[in-house]
Amino acid sequence: MALAVLACTVVPAVAFARCEGHVPQPKPQNTFPQDVGRSLDRVLEEGWIEFAIYEDFPPWSYEENGQARGIDVDIGHSIAEALGVEARFRLVQAGETLDADLLNYVWKGAAIGGHVSDVMLHVPYDSEYACRIEQVSFTGQYATETIAIAYDKKDYPEKGPTPPFFRYDTVAVENDSIADFYLTSLLGPVDKIRRYPSTALAMEGLASGETMAAMAPRAELEAAIASHPPASLAVHEPALVGFARGEWTVGVGVNFQHKDLAYAVDDAIAAALADGRIAAFFTSRGLTFEPPAR
């Protein structure tokens, strides 16, 4: 995902943190109002809210039989229900950087034929990054993501492998992902790191015996096991030596002009966390829920 590099350095913090000492970026003053989202009043008047979600990103967001599915979709529906409006979903491609995704889907829109969505889901939170990208209100943290390792208990009957094992044992990673960057930095150019186009395909490599392990965010590993459940596959979270951040929070991004909408979305997410709905979105899929540090 485009957010992979940022996720290595995230630091949980409260929404709308003060940014003393940071030089603000130019705001998109010359962008037409219709291109920079809608106010809360307009969302309520028109009766619908659009969420930008990443495509092909199970278990968070994906398309199935023409419908948007996943944890982020469930969260979007809970937000819309709290506001009393219809939820609409826009499946979007991940760009090369999170900056590009936020520009295209939150605060400006793509140069050709683009428009912004009211809310972008699954945005990693980092306090310094939030100060730099002041065109976006970062809020509504709803989960913590953690890097983990999936492995076959037939290969590791006593305990799961740790990264040093992969100097000698094969490990599957998504190409250019957090896990790929980390293992390459830690181990150097070893030939035991096998790269796949997605975490789902990396897990297929593990399930088929092409590799002995797979490394990725825990929810993605667990979702793949739930979809293709060899009984001998397991997931654990070992200590990751030299990893700046092995976990990070995810939340939402809203255009900076619409603080009222951002606060309303944050309130809706807080309520869904408090009453256990968001935890249930995970447990109903057989996934581990780790709440955010709010």
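Residues numbered from 1 in each chain as written. Predicted model: local features only at pLDDT ≥ 70, side-chain atom pairs only at ≥ 80, totals over all residues. Heavy atoms only, no water.

**Some thoughts on the overall build of the protein chain**
Turning to step 1, where the next piece is worked out: When its secondary structure is counted, the protein chain shows ten helices and eleven strands.
Turning to step 2, where the next piece is worked out: The buried share of the protein chain, reckoned over its 294 residues, is 51%.
Turning to step 3, where the next piece is worked out: Long-range contacts, defined here as pairs at least 24 residues apart, represent 74% of the contacts in the protein chain between residues at least 6 apart.
Turning to step 4, where the next piece is worked out: When the accessible surface of the protein chain is summed, it comes to about 13,400 Å², and 51% of that surface belongs to carbon and sulfur atoms. (Helix = DSSP H or I, 4+ residues; strand = E, 2+ residues; numbered from the N terminus. Buried < 20%, exposed > 50% of the residue type's maximum accessible area, 1.4 Å probe, protein only. Contact = heavy atoms within 4.5 Å. Areas by Shrake-Rupley, 256 points an atom, 1.4 Å probe, with all protein chains shown as cover.)

**A short note on the packing of aromatic side chains**
Turning to step 1, where the next piece is worked out: Across all of its chains, the model carries nine aromatic pairs by this definition.
Turning to step 2, where the next piece is worked out: Measuring from centroid to centroid gives 5.9 Å for Y129 and F138, while their planes differ by 70°, and the two rings are edge-to-face. Take Y129 and F138: they sit in the same class, and that class is buried.
Turning to step 3, where the next piece is worked out: Seen in terms of ring centroids, Y182 and F243 are 4.5 Å apart; in terms of plane orientation they differ by 10°. Their pairing is stacked. Here Y182 is found in helix α6 (residues 178–187), whereas its partner F243 is found in the loop between β10 (233–236) and β11 (247–255), with 61 residues between them in sequence.
Turning to step 4, where the next piece is worked out: The exposure class of Y182 is buried, given its relative accessible area of 6%. (Phe/Tyr/Trp six-rings, centres within 6.5 Å; stacked < 30°, edge-to-face > 60°.)

**Structural notes on the pattern of salt bridges**
Turning to step 1, where the next piece is worked out: Scanning all chains against the criterion turns up eleven salt bridges.
Turning to step 2, where the next piece is worked out: In this structure, the salt-bridge partner of D180 is R195, at a minimum N-O distance of 2.9 Å. A residue pair is termed long-range when its members are at least 10 positions apart, and D180 in helix α6 and R195 in strand β8 (residues 193–196) qualify at 15 residues.
Turning to step 3, where the next piece is worked out: When its relative accessible area of 3% is taken as the criterion, D180 is described as buried.
Turning to step 4, where the next piece is worked out: Judged by relative accessible area, R195 falls into the partly exposed class, the value being 40%.
Turning to step 5, where the next piece is worked out: Within the structure, one salt-bridge network assembled from shared partners comprises R38, R42, E46 and D118. (Salt bridge = Lys/Arg side-chain N within 4 Å of Asp/Glu carboxyl O.)

**As for the confidence of the model for the protein chain**
Turning to step 1, where the next piece is worked out: Averaged over every residue, the pLDDT of the protein chain is 87; the share at 70 or more is 86%.
Turning to step 2, where the next piece is worked out: Ranking the helices and strands of the protein chain by mean pLDDT puts helix α3 (residues 71–83) first, with 98, and helix α1 (residues 4–7) last, with 48.
Turning to step 3, where the next piece is worked out: Note on residues 7–17: pLDDT is under 50 here. Beyond four places in sequence and across chains, it has 37 contacts. (pLDDT = per-residue confidence, 0-100.)

**Brief notes about helix α4 (residues 98–107)**
Turning to step 1, where the next piece is worked out: Here α4 has its buried residues at L98, D101, L102, Y105, V106 and W107. The arc that holds every buried residue of α4, seen down its axis, measures 145°, which confines them to one face.
Turning to step 2, where the next piece is worked out: Downstream of α4 by one or two residues, G109 has phi in the positive range, about 100°. (Arc of directions from axis to C-beta.)

**Re the nonpolar core**
Turning to step 1, where the next piece is worked out: Grouped together as the largest cluster of nonpolar side chains are 71 residues, with contacts concentrated most on L102, Y142 and M215.
Turning to step 2, where the next piece is worked out: When residues of this core are sorted by domain, at least three fall in each of domain 1 (40–144 + 247–284) and domain 2 (146–236).
Turning to step 3, where the next piece is worked out: Of all hydrophobic cores here, the second largest spans 14 residues; its members include A148, A172, L221 and A224. (Core = buried A, V, L, I, M, F, W, Y, C linked by side-chain atoms within 4.5 Å. Domains from an automatic or database assignment.)

**With respect to the environment of T288**
Turning to step 1, where the next piece is worked out: On the secondary structure map, T288 appears in the segment after α10 (277–283).
Turning to step 2, where the next piece is worked out: Put simply, T288 and A223 are 65 residues apart on the chain and 9.8 Å apart in space, counted from C-alpha to C-alpha.
Turning to step 3, where the next piece is worked out: The residues touching T288, leaving out its near neighbours within four places in the chain, are R218, E222 and F282.

**Comments concerning unusual backbone geometry**
Turning to step 1, where the next piece is worked out: Cis geometry marks the peptide bond from P58 to P59, where omega comes out at 5°.
Turning to step 2, where the next piece is worked out: In this fold, P59 is placed in the loop between β1 (48–54) and β2 (62–64).
Turning to step 3, where the next piece is worked out: Notably, D56 is not glycine yet its phi reads approximately 50°, a positive angle.
Turning to step 4, where the next piece is worked out: Its place among the elements puts D56 in the loop between β1 and β2.
Turning to step 5, where the next piece is worked out: Within the chain, D176 stands out as a residue other than glycine whose phi angle is a positive 60°.

**Examining the side chain of R38**
Turning to step 1, where the next piece is worked out: Its place among the elements puts R38 in the loop between α1 and α2 (40–46).
Turning to step 2, where the next piece is worked out: Polar side-chain contacts of R38 include one of 2.7 Å to the backbone oxygen of W48.
Turning to step 3, where the next piece is worked out: Side chain to side chain, R38 and D118 meet in a polar contact 2.6 Å long.
Turning to step 4, where the next piece is worked out: Residues contacting R38, with those up to four places away along its chain left out, are V43, E46, W48, I49, E50, D118, H258 and L261. (Polar contact = N/O pair within 3.5 Å; in protein donor to acceptor, adjacent residues only side chain to side chain.)

**Side note on the packing of α3 against helix α9 (residues 259–274)**
Turning to step 1, where the next piece is worked out: Following both chains from N to C, one finds α3 and α9 inclined at 110°, their axes separated by 9 Å at the closest point. Taken together, the axes of α3 and α9 are roughly perpendicular relative to one another. In this structure, α3 crosses over α9, and the sense of that crossing is right-handed. Contacts between α3 and α9 involve S78, I79, A82 and L83 on the former and, on the latter, L261, A264, V265, A268, I269 and A272.
Turning to step 2, where the next piece is worked out: Grouping the amino acids of the contact of α3 with α9 by side-chain chemistry returns nine nonpolar, one polar and no charged. (Axes fitted to C-alpha atoms, helices over the stretch in contact; angles between N-to-C directions. Parallel < 35°, antiparallel > 145°, perpendicular 65-115°, else oblique. Left-handed = near helix turned anticlockwise from the far one by under 90°. Nonpolar A, V, L, I, M, F, W, Y, C, P; charged D, E, K, R; others polar.)

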